[in-house]
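What follows is each chain in one-letter form.
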Amino acid sequence: MAKKPQLAIDTRPWRDPANNKPFVRIRNVTKKFGDVAAVNDVSLDIYRSELFCLLGGSGSGKSTLLRMLAGFETPTSGTIEIDGQDMTDVAPYNRPVNMMFQSYALFPHMTVEQNVAYGLKRDHLPRAEIAARVSELLTLVKLQDYGKRKPHQLSGGQRQRVALARALAKRPKLLLLDEPLGALDKKLREETQFELVKIQEQLGVTFIVVTHDQEEAMTLATRIGVMNQGEIAMIGEPADIYEFPNSRFVAGFIGSVNMVEGIVTEDEPDHIRIRSGELGCDIYVGHGVDCAPDQLLWWAIRPEKMHLSRERPEVGHDANVTSGVVEEIAYLGDISVYQIALDSGKRIRVSQTNASRGNPDAITWEERVFVTWGDSSGSVLTS
Amino acid sequence: MTTAHDPTIPPPRRLKPWNVFERRLARMGITGRMLVLAAPVLWLLVFFLVPLAVVFGISLATKQFGRPPYSALLSTEEGTVQLTLHLSNYIRLFTDNLYVAAYFSSIRIALISTIITLLIGYPMAYAIARVPDRWRNILLMLVILPFWTSFLLRVYALTGFMRGNGVINQFLGLFGIPPLVMMQTDFAVYVGIVYTYLPFMILPLYTNLVKLDGSLLEASADLGARPLRTFLTITLPLSLPGIVAGSMLVFIPAIGEFVIPSLLGGPETLMIGRVLWDEFFTSTNWPRAAAVAIAMLVVVVVPIMLLQRAQNAVVEK
């Protein structure tokens, strides 16, 4: 895989696991419901003050994993450690963990203040301190004037913030958020995403967020764990997950991608060459890959990493250029997505930035075009 | 026979017979909604309000021999219509200790029975609401099953359990315990009422508890509340409407209960239902019996209204 510069290592403890102790340590955790393994042998380290996103489709086991962290489910096997303490068999009410529920689970018969104070009362804090903490939290989530309302008198976004305030009230070491923005409409969701990150950075609490929305995960997370069928498919920073996926599943799950099959024809330490019948050309990859000659593998490239032109461009190595006919154009404003039918019949998507307004010379339907890409624009996938 | 149709003009709508009927009614200001509402209103009018008015009328008459066994309210004498109302029956209710004592005793027995029913019914309803789906319907069936046999038969069966040489005493006899006197006591009445009305407590509680959002209980545990605390602060307040509904369904019929105290209670078990029966059939004093019934209605309606208000305060959404 390509090398990347190692920056600001001190704020990214996961890049140096030898010298940093993980805050949450999930080791070989399996959870079976009957014969079905909802979570299958998951091991995961999460560091202090991280905002970790568990990303996956429905039934990927991400919620079950979160519920095991909260203590609502016990692992069938494996251990969960939080801050060095084994939490596997600790009851939910004894864990230094709080959860923000997907449906918010606000107590309908209590006011906003009573909801936020609920956890503090369970700790038998003095009344004055509870009142002070509640008003501090309501200020944090900008609901200071709503303390006396009942949940049903609030809008969806306000309820979401009450749920967040309630979950933060006990100053947990670890906050679990189950689809925290799932019930909000798109515009509100985008605003709230940044607010959530701001609050997380301000308080320094470790967040673990479960979401099915990849955009949300990319916006929020320091790192993302992609889950598929109860297993972790990949763990990495958002850019790693997007630019350097480790499998066809991850490449296809995050963003849109063109994927082709090919056979290794040259396997050198500094480059490999892949012959792809589907693509109708050779792929020259400008870095070494752990593979063997004649191996069947997959090559994935994002639509924005390819370039369209009417004239055949100059390329080296007699590779990385193919041609096809424009079949469809989707104008999205900032970009246009072109669907190109290659000579093999394979269809690929290429997106181009609409840098100038109403360009009369833009590539249009039914035109024959050439598609090119850089030596290291695509990802070689062996699984 | 083909005529060119202007496509912009829709063909005339054929009126069905009921459309004609509907239009005619609408012209008189009668809508379908009113017709639908008319059925229950008529039902209540004919079978509830009119009989109630008749009973109220009788309660203002006096006892007399003959048929009917009460004086007429309206009489025509020498061409004038005369309305005679007697309040003596109501005055008697307040002055005769028997009636006051019977009312208080009825309320006491009904109240204690309701509390016992609640204490037994709540855990049962809670359990039914929490078991896996496939068990739930079976358990609900078992709750309703006693209704398939006659109420009278079940109360008689209880005497078989509680009488001097009944099942319980025979069982106790095996251990050399002398027989307990259970029949003809207030205890037997409580057993009878609690046994009979338990389903009326369980069913409304169940429908309430089954709707309880499990994530609220998880949220409570997550915030540090142990199970008992969660029950007291979350489950119990949220199930208050169910408790109120179930309690009303037990308390109200229990006040007027006649069969259970007559069959299981002793002579000292004083309940208003029995007094009513005695007035009707032993003393044949219909006006007095009617007054007792009207007074009982008032006694029941007041707690209903109070409970209803409490329920509205809780449900208020």
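Note that this is a predicted model, so its numbers are computed, not measured. (Residues numbered from 1 in each chain as written. Chains lettered and ligands numbered in written order. Predicted model: local features only at pLDDT ≥ 70, side-chain atom pairs only at ≥ 80, totals over all residues.)

Colleague: Quick question: what am I supposed to make of the overall build of chain A here?
Modeller: What chain A contains, in helices and strands, is 8 helices and 20 strands. Taking the principal axes of the C-alpha coordinates as reference, chain A spans close to 75 × 50 × 45 Å. Within chain A, the fraction of its 383 residues that count as buried is 37%. Taking as baseline every contact in chain A between residues at least 6 positions apart, the subset at least 24 positions apart corresponds to 63%. (Helix = DSSP H or I, 4+ residues; strand = E, 2+ residues; numbered from the N terminus. Buried ≥ 20, exposed ≤ 12 C-beta atoms within 10 Å, placed from the backbone. Contact = placed C-beta atoms within 7 Å.)

Colleague: Hey, could you run me through the UniProt feature "transmembrane region" (unreviewed entry) in chain B in this one?
Modeller: All names here are of chain B. The sites that UniProt annotates as "transmembrane region" (unreviewed entry) are residues 34-61, 100-126, 138-157, 187-210, 231-255 and 286-307. Regarding residues 34-61, the helix share stands at 93% and the strand share at 0%, and the terminal C-alpha atoms are separated by 38 Å. Within residues 138-157, the helical portion is 70% and the strand portion 0%, while the C-alpha atoms at the span's ends are 24 Å from each other. (UniProt positions renumbered as here; feature names shortened; annotations may be inferred.)

Colleague: In this structure, what is going on with the domain arrangement of chain A? I would like to understand it.
Modeller: Bring the parts together and some accessible area is lost; that lost area is often taken as the interface size. All names here are of chain A. Once the domains are mapped, chain A shows domain 1 (11-251) and domain 2 (256-381). Each of domain 1 and domain 2 has a C-alpha centre, and the two are 39 Å apart. With 5 residues of domain 1 at the interface, the matching set in domain 2 holds 6 residues. Counted by class, the side of domain 1 that touches domain 2 contains 3 nonpolar, 1 polar and 1 charged residues. (Domains from an automatic or database assignment. Nonpolar A, V, L, I, M, F, W, Y, C, P; charged D, E, K, R; others polar.)

Colleague: Teacher, can you tell me more about the pairing of strand E9 (residues 223-228) of chain A here?
Modeller: If a strand is regular, its side chains alternate between the two faces of the sheet. All names here are of chain A. Burial runs high along E9: 5 of the 6 residues are buried. Pairing of strand E3 (residues 51-56) with E9, which is carried by 5 bridges, proceeds in the parallel orientation. Residue pairing across strands places Leu-54 opposite Gly-225, the latter belonging to E9. Note: E9 against strand E10 (residues 231-236), 5 bridges, orientation antiparallel. Bridged to Gly-225 within E10 is Ile-235. Linkage of E9 to E10, two consecutive antiparallel strands, is achieved through a turn of 2 residues, within which Gln-229 is found at a positive phi near 50°. (Pairing = 2+ DSSP bridges.)

Colleague: Which parts of the structure should I look at to understand the confidence of the model for chain A?
Modeller: Here chain A averages 89 in pLDDT, and 97% of its residues register 70 or above. Mean pLDDT across the elements of chain A bottoms out in helix H5 (residues 186-203) of chain A (86) and peaks in helix H2 (residues 112-122) of chain A (95). (pLDDT = per-residue confidence, 0-100.)

Colleague: Would you mind showing me how to read the sheet that holds strand E4 (residues 77-82) of chain A here?
Modeller: For sheets, the rule is that strands pair by backbone hydrogen bonds, running either parallel or antiparallel. Residue and element names in this part refer to chain A. Taken together, the 4 strands give an open sheet; going across it, the order is E2-E1-E4-E5, and neighbouring strands pair in antiparallel fashion. The outermost strands of the open sheet, each flanked by one partner alone, are strand E2 (36-46) and strand E5 (85-86). Packed onto the sheet, helix H1 (residues 62-70) meets strand E1 (24-33), E2 and E4 and runs at close to 65° relative to E2. (Axes fitted to C-alpha atoms, helices over the stretch in contact; angles between N-to-C directions.)

Colleague: Mind showing me how you'd approach the domain arrangement of chain B here?
Modeller: Residues and elements named next belong to chain B. According to the domain assignment, chain B consists of domain 1 (17-83) and domain 2 (88-315). Just the C-alpha atoms count here: the centres of domain 1 and domain 2 sit 34 Å apart. The interface is formed by 9 residues belonging to domain 1 together with 11 residues belonging to domain 2. Considering only residue class, the side of domain 1 that touches domain 2 consists of 6 nonpolar, 2 polar and 1 charged.

Colleague: Hey, could you run me through the pairing of strand E16 (residues 321-331) of chain A in this one?
Modeller: All names here are of chain A. Where E16 and strand E19 (residues 368-373) come together, 5 bridges link them in antiparallel fashion. By the bridge assignment for E19, Ser-323 is matched with Phe-370. Both E16 and strand E17 (residues 335-342) contribute to a ladder of 7 bridges, which runs antiparallel. Note that in E17 the partner of Gly-324 across the bridge is Leu-342. Taken together, E16 and the strand that follows it, E17, pair antiparallel across an intervening segment of 3 residues, in which Gly-333 is found at a positive phi of about 95°.

Colleague: Help me understand the interface of chain B and chain A in this model?
Modeller: Every contact between the two is made by 16 residues of chain B and, on the other side, 17 residues of chain A. Counting only elements with at least two residues in the side of chain B that touches chain A, the list comes to helix H9 (214-222) and helix H10 (227-238) of chain B. A total of 6 residues in the side of chain B that touches chain A trace back to one element, the largest contributor, which is H9(B). Here the side of chain B that touches chain A is composed, by residue class, of 8 nonpolar, 2 polar and 6 charged.

Colleague: Which parts of the structure should I look at to understand the nonpolar core?
Modeller: Proteins that are soluble and globular tend to have nonpolar side chains buried together. Residues A:Leu176 and A:Ile208 are the most contacted members of the largest nonpolar core, which totals 102 residues. No other element matches the 6 residues that helix H4 (residues 156-168) of chain A contributes to this core. Leaving out residues up to four positions away in the same chain, A:Ile208 has contacts with A:Ile46, A:Phe52, A:Leu54, A:Leu66, A:Leu69, A:Leu174 and A:Leu176. Counting 48 residues, the second largest nonpolar core, distinct from the first, contains B:Ile58, B:Leu203, B:Val275 and B:Ala293. (Core = buried A, V, L, I, M, F, W, Y, C linked by C-beta atoms within 7 Å.)

Colleague: Explain the UniProt feature "domain: ABC transporter" (unreviewed entry) in chain A to me, please; I cannot follow it from the model alone.
Modeller: As recorded in UniProt, the feature "domain: ABC transporter" (unreviewed entry) lies at residues 24-254 of chain A. Between the end C-alpha atoms of residues 24-254 of chain A the distance is 25 Å, and the span holds 36% helix and 27% strand.

Colleague: Sorry if this is basic, but what is going on with the packing of H2(A) against H4(A) here?
Modeller: Each pair of packed helices can be summarised by the angle the axes make with each other and by the distance between the axes. Residues and elements named next belong to chain A. With their axes 7 Å apart at the nearest point, H2 and H4 run at an angle of 25° to one another. As the angle between them shows, H2 and H4 are arranged roughly parallel. Crossing angle aside, the handedness with which H2 passes H4 is right-handed. Residues Val-112, Asn-115, Val-116, Tyr-118 and Gly-119 of H2 touch H4, and the partners they reach there are Val-162, Ala-165 and Arg-166. When the residues that make up the contact of H2 with H4 are grouped by side-chain class, the tally is 5 nonpolar, 2 polar and 1 charged. (Parallel < 35°, antiparallel > 145°, perpendicular 65-115°, else oblique. Left-handed = near helix turned anticlockwise from the far one by under 90°.)

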